Amino acid sequence: MPPDSAIVVSEVTHRYGERTAVDQLSLAIEEGEIFVFLGPNGSGKTTLFRLLSTLIPLQVGEVTILGHNLRNATNRVRSQLGVVFQAPSLDKKLTVAENLNHQGRLYGMPAREIRERGQQMLDALGLSDRRGDLVETLSGGMRRRAELAKGMLHQPRLLLLDEPSTGLDPGARADLWQDLQKVRDQGVTVVLTTHLLEEAERADRIAIMHRGKLAALDT
C-alpha cells in the first residue's frame, strides 16, 4: 500500500447479473485530501461508493481503508467512516440536536461526549442557533449541514458522500464546499461522488469514471 493512503482499491470488479458496474478498478486516495469520483449515471461511481461504505460486499479484488482490509475488518472500517447518503437520513420530526443524539447512541458514545462533540460540529458548521429546530423547518442547505454534523459526530478519519449537492441551489452548493474544506482542514479525508464537472473541479484530485472503468485520474 502506498504511504499515507487512506484508500487503496486493487482490481475491483462488481457485477449485477450480466451487467458490470465496476470493471477492474485500481487507484489510491491519499490521506487528508478531497477526492471526487466524477461520472454520469451508470458510470459505476455509486456502486463504488456502496462498496467503500460497506453497504455491499466485495465480489472481485481488494480494498484497504485506513490500513484495514475491507473483507476481514469490516467493523474496524465502519468505526472510522462517516457517511452522508444522497437520500436524506435525518428524521424530519426530530430537532437537529435530537438527530445528533440518536446518531451518537448508535455509535455507543457517552451522553456527555455526544453533547460536547455535537456542539463542536454545530459551531463549526454554523448551526448552533438551529440545534433546537425541527429538521423539517430547515432549508436544503441547512439540512445538508446537519447531515455533515451527523456524519462527523463520532470523529471519523474518512468521510464518504454520495452526490451531496443534489437538490441544492448554487449558493448552498458553494457553502457545502466551504464546509467540506473545513472538514478536510481537521485532518479528515473527504471522498465524494458527483456528476457535476464544476463541482469536481473544487477537489484536490478527480477520478473520471466511464462504464465502470477509470478513464482519468489527476488534479
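Our structure's up above, just so we're on the same page.
Residues numbered from 1 in each chain as written. Predicted model: local features only at pLDDT ≥ 70, side-chain atom pairs only at ≥ 80, totals over all residues. Heavy atoms only, no water.

Undergrad: Would you explain the sheet that holds strand β10 (residues 213–218) in this entry?
TA: Consider a sheet: its strands pair through backbone hydrogen bonds, and that pairing is either parallel or antiparallel. Sheet architecture is open: six strands sit in the order β6-β7-β8-β3-β9-β10, paired in mixed fashion. Of all the strands in the sheet, just β6 (81–84) and β10 have a single pairing partner and so form its edges. Neighbour-to-neighbour, the strand axes of this sheet turn through a mean angle of 15 degrees, independent of strand direction. As paired elements, strand β3 (residues 34–38) and strand β9 (residues 205–210) share four bridges and run parallel to each other. Bridging across to β9, Phe35 finds its partner in Arg205. Relative to the sheet, helix α5 (residues 140–152) contacts β6 and β7 (158–162), its axis offset from that of β6 by approximately 160 degrees. (Pairing = 2+ DSSP bridges. Helix = DSSP H or I, 4+ residues; strand = E, 2+ residues; numbered from the N terminus. Axes fitted to C-alpha atoms, helices over the stretch in contact; angles between N-to-C directions. Contact = heavy atoms within 4.5 Å.)

Undergrad: Teacher, can you tell me more about the pairing of β3 here?
TA: When a strand is regular, its side chains alternate between the sheet's two faces. Where burial is concerned, most of β3 is hidden: five out of the five residues are buried. Residues Ile34, Val36 and Leu38 point to one face of β3 and Phe35 and Phe37 to the other, with burial holding for every one of them. Pairing geometry for β3 and strand β8 (residues 189–194), over five bridges, is parallel. Within the sheet, the bridge partner assigned to Phe37 lies in β8 and is Thr193. (Buried < 20%, exposed > 50% of the residue type's maximum accessible area, 1.4 Å probe, protein only.)

Undergrad: Whenever I open this one, the packing of aromatic side chains confuses me. Can you help?
TA: Geometry of an aromatic ring pair is reported as the spacing of the ring centres plus the angle between the planes. In this structure the tally under the stated criterion is two aromatic pairs. Measuring from ring centre to ring centre gives 5.1 Å for Phe35 and Phe37, while their planes differ by 65 degrees; the resulting arrangement is edge-to-face. With respect to burial, Phe35 and Phe37 carry one shared label: buried. (Phe/Tyr/Trp six-rings, centres within 6.5 Å; stacked < 30°, edge-to-face > 60°.)

Undergrad: Any chance you could explain the packing of helix α3 (residues 96–106) against helix α4 (residues 111–124) here in plain terms?
TA: Each packed pair of helices is defined by two parameters, the angle between the axes and the distance between the axes. Remark: α3 packs on α4, axes separated minimally by 10 Å, with the N-to-C direction vectors making an angle of 130 degrees. It follows that α3 is oblique to α4 by the angle criterion. The crossing of α3 and α4 is right-handed. Residues Val96, Leu100, Asn101, Gly104 and Arg105 of α3 touch α4, and the partners they reach there are Ile114, Gly118 and Leu122. For the contact of α3 with α4, the residue count by class is four nonpolar, three polar and one charged. (Parallel < 35°, antiparallel > 145°, perpendicular 65-115°, else oblique. Left-handed = near helix turned anticlockwise from the far one by under 90°. Nonpolar A, V, L, I, M, F, W, Y, C, P; charged D, E, K, R; others polar.)

Undergrad: Whenever I open this one, the sheet that holds strand β5 (residues 68–69) confuses me. Can you help?
TA: Within the open sheet, the four strands sit side by side as β2-β1-β4-β5. Their pairing is antiparallel. The outermost strands of the open sheet, each flanked by one partner alone, are β2 (19–30) and β5. Bridging between strand β1 (residues 5–16) and strand β4 (residues 60–65) involves five bridges; their strand directions are antiparallel. Bridging from a neighbouring strand, Ile7 pairs with Ile65 of β4. Helix-sheet contacts for helix α1 (residues 45–52) involve β1, β2 and β4, and the interaxial angle to β1 is about 120 degrees.

Undergrad: Got a minute to help me understand the side chain of Gln103 in this structure?
TA: Looking at the element boundaries, Gln103 is found in helix α3. Residue Gln103 is classed as buried on the basis of its relative accessible area of 12%. Discounting chain neighbours no more than four positions away, the residues touching Gln103 are Lys150 and Leu153.

Undergrad: Which parts of the structure should I look at to understand the pattern of salt bridges?
TA: Close approach of charged atoms allows side chains of opposite charge to pair. Summed over all chains, the structure comprises 13 salt bridges. Between Arg71 and Glu62 there is a salt bridge, with the nearest N and O atoms lying 3.1 Å from each other. Residue class for Glu62 comes out partly exposed when judged on its relative accessible area of 34%. Across the salt bridge formed by Glu136 and Lys93, the nearest N and O atoms sit 3.0 Å from each other. (Salt bridge = Lys/Arg side-chain N within 4 Å of Asp/Glu carboxyl O.)

Undergrad: What should I look at first to understand the packing of α5 against helix α6 (residues 170–185) in this one?
TA: Remark: α5 packs on α6, axes separated minimally by 10 Å, with the N-to-C direction vectors making an angle of 20 degrees. By the angle between their directions, the pair α5 and α6 is classed as roughly parallel. You can see that α5 and α6 cross each other, and the crossing is right-handed. The segment α5 lies against α6, with Gly141, Arg145, Leu148 and Met152 engaging Ala172, Asp175, Leu176, Asp179, Leu180 and Val183. Of the residues assigned to the contact of α5 with α6, the class counts are six nonpolar, one polar and three charged.

Purely geometric stuff here, so don't read any function into it on its own.
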